[in-house]
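Residue-level structural notes
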Amino acid sequence: MAQKRIRIVDVADALGLSTATVSKVIHGKTEKISDETVKRVQQELERSGYIPNMAGILLARNNSRIIGVVINDNEKYEGRVLQDGFVMSSLNALSREVNEKGYFLMIKTTADISEIPVFASMWNMDGLILMGFCEADYEQLRNQMRISFVVYDGYFEKCSRVVNLVINHYDGGCQAGKYLRELGHKKALCIADNFICMDKERIEGFRKAFEPGKVIRWEIPKTEKERLEFYEDKFPEMLKHNITAVFAVSDFYALEFMRFLQGKGMQIPKDIQMIGFDDNMASRESCPALTTIHQDASLRAKTAIECLEAMRDGFDCETEIVLPVELIKRESTGKLQCQSL
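Read on for a plain summary of the structure.

**Focus on the packing of aromatic side chains**
Evaluated as defined, the whole model comprises 12 aromatic pairs. With 5.6 Å between their ring centres and 80 degrees between their planes, W218 and F230 make a pair best called edge-to-face. Within this pair, whereas W218 is found in strand β7 (residues 214–219), its partner F230 is found in helix α10 (residues 224–240), the two being separated by 12 residues in sequence. For F230, a relative accessible area of 18% corresponds to the buried category.

Given below as structure tokens:
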């Protein structure tokens with residue numbers, strides 16, 4: 001038997017609303033309708049199986065309620081950018097935030113920033129969030145799009161309708177460096193795959209706070225195979241310098257290097273201690289659990305959506321917003337039992 005076709009009146013009756021209210025939500029005319037009612041209608045439309053050609057409706061109306069997220073598919077991810085701990089955490093927080101406010105989330109991965117204006121205009125988006133594009137011509141990008149956007153950790157001159165939403169990378173490095181000095185470390189290793197943008201800030205903050213201790217920096221390759229070969233080549237040098245602590249600019253690199261060292265028979269934190277950056281799920285589940293710098297993905301997501309809404313409605317936003325970070329102490333660090341010479 002053919003399923004009975006769901007009508008607007010059926011949705012309205014199920015919610016105790018007028019057909020006019022349901023129709024306005026479907027067509028994006030929600031200026032005088034509460035966010036709670038919009039969300040209820042959208043949920044009932046989905047539950048009941050109404051939504052005929054919803055993509056066409058979204059494209060046709062002025063307020064699509066689509067928030068786009070574009071993630072830089074950098075070569076270092078080796079085709080697995082959506083599996084990265086920071087990216088997963090960010091997308092999870094954004095998904096919760098947009099669901100709460102009755103938006104739709106649309107995700108695109110690309111290493112080519114020129115694809116972004118086409119993506120945004122194709123889907124008539126309300127706003128856009130960019131991740132991982134550290135150095136880009138955001139002024140030119142803004143001029144190619146009518147919509148406002150938020151950048152996670154960009155490095156650019158201030159421009160209108162663009163908010164640079166950053167965390168305090170330098171302070172995060174400082175917290176890590178200060179803590180390792182307090183634990184008694186005198187020689188530390190910093191690892192990153194570059195020395196620009198946020199990674200540079202994290203390392204410079206670490207160096208400043210770790211003084212007068214000695215800091216060695218490794219610029220590691222971007223692919224896993226080359227990194228493991230690099231670690232193998234550099235391992236004797238690390239032993240020669242009596243390194244007792246490692247600060248990595250991400251949890252991913254910290255955990256990878258920790259596994260390498262454990263494979264060499266080193267015990268953590270007894271023989272060497274580790275601090276990462278991000279506080280993703282893997283850092284809490286590792287053995288030992290990783291000391292790291294926590295950034296609040298939920299706060300960042302909430303701030304990003306609030307900024308997009310404000311700019312959409314014609315209000316000005318700060319062109320740069322800096323969010324705090326916090327050192328989370330776990331089992332990969334601890335007070336040194338003896339001092340290396």
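**Concerning the packing of α10 against helix α11 (residues 251–263)**
Two elements in contact, α10 and α11, have axes separated by 11 Å at closest approach and are oriented at 60 degrees. One element, α10, and the other, α11, form an angle in the oblique class. Handedness of the α10/α11 crossing: right-handed. Counting all contacts with α10, which are made through E224, R227, L228, Y231, E232, F235 and M238, the residues of α11 involved are F252, Y253, E256, F257, F260 and L261. Residues belonging to the contact of α10 with α11 are distributed by class as follows: nine nonpolar, no polar and four charged.

**Some thoughts on helix α2 (residues 19–26)**
Looking at α2, one finds that the buried residues are T21, V22, V25 and I26. Taken end-on, α2 shows its buried residues confined to a sector of 140 degrees, consistent with a single buried face. Two residues or fewer past α2, G28 is found with a positive phi of approximately 80 degrees.

**Some points on the sheet that holds strand β6 (residues 187–192)**
Read from one edge of the open sheet, six strands run β7-β6-β8-β9-β10-β12, paired in mixed fashion. Edge positions in the open sheet fall to β7 and β12 (325–328), since each of these has one partner strand only. Across this sheet, the average inter-strand angle for adjacent strands is 20 degrees, counted without regard to direction. With four bridges joining them, strand β10 (residues 291–295) and β12 adopt antiparallel strand pairing. Residue pairing for β12: I293 is matched across the bridge by L327. Packing against the sheet, helix α8 (residues 169–183) makes contact with β8 (245–248), β9 (273–278), β10 and β12, and its axis sits at approximately 165 degrees to β9.

The rules behind the values
Sequence order as written defines residue numbering, which begins from 1 separately in each chain. Only residues with pLDDT of at least 70 get local features here, since the model is predicted, and only at 80 or more are side-chain atom pairs given and counted; chain-wide, interface and lining totals rely on the full set of residues. Side-chain numbers here rest on the full set of heavy atoms in the structure, without hydrogens or water. Any Phe, Tyr or Trp ring, taking Trp's six-membered ring, that has another such ring centre within 6.5 Å forms a pair; planes under 30 degrees apart are called stacked, those over 60 apart edge-to-face, and the others tilted. The numbering of helices and of strands both runs from the N terminus, where a helix is a DSSP run of H or I of at least 4 residues and a strand a run of E of at least 2. The rule is simple: take the accessible area with a 1.4 Å probe, protein chains only, and divide by the maximum for that residue type; under 20% is buried, over 50% is exposed, in between is partly exposed. Working convention: axes come from line fits to C-alpha atoms, limited for helices to the stretch in contact. Angles between N-to-C directions cover 0 to 180 degrees. Angle categories: roughly parallel below 35 degrees, roughly antiparallel above 145, roughly perpendicular from 65 to 115, and oblique for all the rest. Left-handed describes a crossing in which the near helix is turned anticlockwise from the far one by less than a right angle; the clockwise case is right-handed. What makes two residues a contact is simply this: any of their non-hydrogen atoms within 4.5 Å. Gly falls in the polar group here, along with every residue not listed as nonpolar (Ala, Val, Leu, Ile, Met, Phe, Trp, Tyr, Cys, Pro) or charged (Asp, Glu, Lys, Arg). An arc is given here, and it is the one of the directions from the helix axis to the C-beta atoms. Should DSSP find at least two bridges between two strands, the strands are regarded as paired.

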